[in-house]
Amino acid sequence: MAILADDFLLSLPKEEWYGPCGHDMLYQFKGFWFTPHILEGVLQFLKNFKPLPTDVILASFPKTGTTWLKSLVFAIINRASKHSLICTNPHDLIPTLELQVYSSNPTAAHTLTSCDANTRIFATHVPYQLLAETAIHSSQCRIVYVTRNPKDTLISLWHYMGTSKGSLKKPWKIEEAVDKFCDGVLPDGPYYDHVLRFRKEGLERPQKVFFVSYEDLKDDTKEQVKKLAEFLGRPFEKEEEAEEIANICDFRAMKQHEVNKSSDSPEWLEFPYSSYFRQGEVGDHKNYLDSEMIQRIDDMTKDKFYGAGFMY
Ligand code: A3P
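Undergrad: An account of the packing of helix H13 (residues 191-204) against helix H19 (residues 291-305) is needed here, citing residue identities and associated values.
TA: Interhelical geometry of H13 versus H19 gives an angle of 35° and a closest axis separation of 11 Å. Here the hand of the crossing between H13 and H19 comes out right-handed. Judged by residue contacts, Tyr 191, Tyr 192, Val 195 and Leu 196 of H13 engage Ile 297, Met 300, Thr 301, Lys 304 and Phe 305 from H19. Classifying every residue of the contact of H13 with H19 gives seven nonpolar, one polar and one charged.

Undergrad: Give me the lowdown on unusual backbone geometry, citing residues and values where you can.
TA: Note that the residue after Gly 189, namely Pro 190, is joined by a cis bond; omega there is 5°. Positionally, Pro 190 belongs in the loop between helix H12 (174-183) and H13. With a phi angle near 70°, Asp 188 is a residue other than glycine that sits in the positive phi range.

Undergrad: Please set out the site of the ligand residue by residue, giving values where relevant.
TA: Lining the immediate environment of the ligand, one finds 16 residues, of which Thr 66, Thr 67, Ser 156, Tyr 214 and Gln 279 sit closest. In the environment of the ligand, an oxygen atom lies 2.7 Å from a nitrogen or oxygen atom belonging to the backbone of Gln 279. If the ligand stood free it would expose 570 Å²; the protein chains cover 98% of that surface. Ranked by residues supplied to the shell around the ligand, first place goes to helix H3 (residues 66-77) with three residues. Partitioning the shell around the ligand into residue classes produces six nonpolar, seven polar and three charged.

Undergrad: Describe the pattern of salt bridges, with residues and values.
TA: Oppositely charged side chains can pair when the atoms bearing their charge come close. Tallied over the full model, the rule gives 15 salt bridges. Put simply, Glu 204 and Lys 200 hold a salt bridge, and the shortest N to O gap is 3.6 Å. You can see Glu 204 and its partner Lys 200 sitting in helix H13, four residues apart, about one turn around the helix. Assessed through its relative accessible area of 52%, Glu 204 is described here as exposed. Given a relative accessible area of 39%, Lys 200 falls into the partly exposed group. Through salt bridges with shared partners, a single ionic network connects Lys 222, Glu 223, Lys 226, Glu 239 and Glu 243.

Undergrad: Describe the nonpolar core, naming the residues involved and giving the relevant values.
TA: Side chains of a nonpolar character, in soluble globular proteins, are inclined to be buried together. In terms of nonpolar packing, the biggest core is built from 96 residues, with Phe 45, Leu 58, Val 73, Leu 232 and Leu 289 touching the most fellow members. With eight residues, the single largest contributor to this core is H3. Beyond its immediate chain neighbours, meaning those up to four positions away, Leu 289 contacts Lys 151, Leu 154, Ile 155, Ile 174, Val 178, Ile 294 and Ile 297.

Undergrad: Describe in detail the side chain of Lys 70, supporting the description with residues and values.
TA: Note on placement: Lys 70 falls in helix H3. No salt bridge is formed by the buried Lys 70, whose closest oppositely charged neighbour, Asp 92, lies at an N-O distance of 8.0 Å. A polar contact of 2.9 Å, which involves the side chain of Lys 70, links it to the side chain of His 91. Within polar-contact distance, the side chain of Lys 70 engages the side chain of Thr 96 at 3.1 Å. Ignoring anything within four residues of it in the chain, the contact list for Lys 70 reads Leu 58, Pro 90, His 91, Ile 94, Pro 95, Thr 96, Gln 100 and Ala 123.

Undergrad: Break down H12 for me, with residues and values.
TA: Within H12 the residues assigned to the buried category are Ile 174, Ala 177, Val 178, Lys 180, Phe 181 and Cys 182. Residues of H12 that are buried sit in contact with strand S1 (14-17), helix H10 (150-161), H13 and H19. Phi for Gly 184, located one or two positions after H12, is positive at around 80°.

Undergrad: Outline the sheet that holds strand S2 (residues 24-29), listing residues and values.
TA: The strand order S1-S2-S3 describes an open sheet built from three strands, whose pairing is antiparallel. Looking at the sheet topology across the chains shown, the edges are occupied by S1 and strand S3 (32-34). Shown here is a sheet whose adjacent strand axes are inclined to one another by a mean of 35°, direction ignored. Examined bridge by bridge, S2 and S3 share three bridges and lie antiparallel to one another. Among the inter-strand pairings, Tyr 27 is bridged to a residue of S3, identified as Phe 34.

Undergrad: Account for the pairing of S2, with residues named and values stated.
TA: As defined by bridge partners, S1 adjoins S2 across four bridges and the pair is classed as antiparallel. Looking at the pairing, Trp 17 lines up with Asp 24 of S2. The loop that links S1 with its antiparallel partner S2 comprises six residues; one of these, Gly 19, has a positive phi angle of about 70°. Adjacent in sequence and paired antiparallel, S2 and S3 are bridged by two residues, among which Lys 30 carries a positive phi angle near 50°.

Definitions and cut-offs
Residues numbered from 1 in each chain as written. Predicted model: local features only at pLDDT ≥ 70, side-chain atom pairs only at ≥ 80, totals over all residues. Heavy atoms only, no water. Axes fitted to C-alpha atoms, helices over the stretch in contact; angles between N-to-C directions. Helix = DSSP H or I, 4+ residues; strand = E, 2+ residues; numbered from the N terminus. Left-handed = near helix turned anticlockwise from the far one by under 90°. Contact = heavy atoms within 4.5 Å. Nonpolar A, V, L, I, M, F, W, Y, C, P; charged D, E, K, R; others polar. Near = heavy atom within 4 Å. Polar contact = N/O pair within 3.5 Å; in protein donor to acceptor, adjacent residues only side chain to side chain. Areas by Shrake-Rupley, 256 points an atom, 1.4 Å probe, with all protein chains shown as cover. Salt bridge = Lys/Arg side-chain N within 4 Å of Asp/Glu carboxyl O. Buried < 20%, exposed > 50% of the residue type's maximum accessible area, 1.4 Å probe, protein only. Core = buried A, V, L, I, M, F, W, Y, C linked by side-chain atoms within 4.5 Å. Lys, Arg positive; Asp, Glu negative; His and termini not counted. Pairing = 2+ DSSP bridges.

Okay, here's the thing in structure tokens:
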């Protein structure tokens, strides 16, 4: 794949952010921020991806529950092979389009995509504002979007960045992370614009976009698994099947598998497999954000979400 032309990058607004090396640049493309490496994959994906009507696309802002959603949807679609989740990390079962399929090293991505030959499952962090310009918008393919409380999303991201090599040299200060979150200058950010547009699509086209929150999944996983299976056209015959999938994908069960404890990194990203399974709780931000930071994010959430009729 060609490296992005310098003059193209130079034409884009740029901002510094922490990044996996402790120092990185983000470039703003159509209102959203990307590293050059990911932007390359995003552009290739938007230009070349041809959705099939049977495709399922799992969409999310980073750290909102992507790994969990991958596990659940993999198990729902591939019921006979659901135990693959014991020995394979969910990210190696369902590839992320801009990172694993349209990357400089797209090797095994297509063979890894789902065991069910009739249903390809992909993931993406690309905002709907960009997907809307592609065939994904008009295709019959289904999209499942997971979102999460903004403060827990931020804290999850802050910890995740702390598992990168750069953090050993220079940890990311929490104050800086809060500033970047509020400014929207994070990969695939701004968070609020990302969430709101998928929610809008979910409301307007519920047969196309299934919108679910991390908190709803936590609250009643089995019920959400049943709804997801119905949305995906794979309803369960027996109640116990949904329960079994909820249990297989439960955080504690997933975290104990050797493959998910591994300090190895996948070839497509510099974070260890173990970094996708940290705490898995709702409300962990209370242990890290002071009252001023909480107030600042809450004010922003009210401003961005409440006006759009979305409560968090
Ligand atoms: P925490 O950092 O709060 O623990 P993503 O998959 O989008 O990168 O999000 C990662 C977050 O989802 C992490 O949150 C991680 O622990 C949590 N997570 C991963 N698998 C999960 C599961 N099966 N159930 C609940 N949470 C899960």
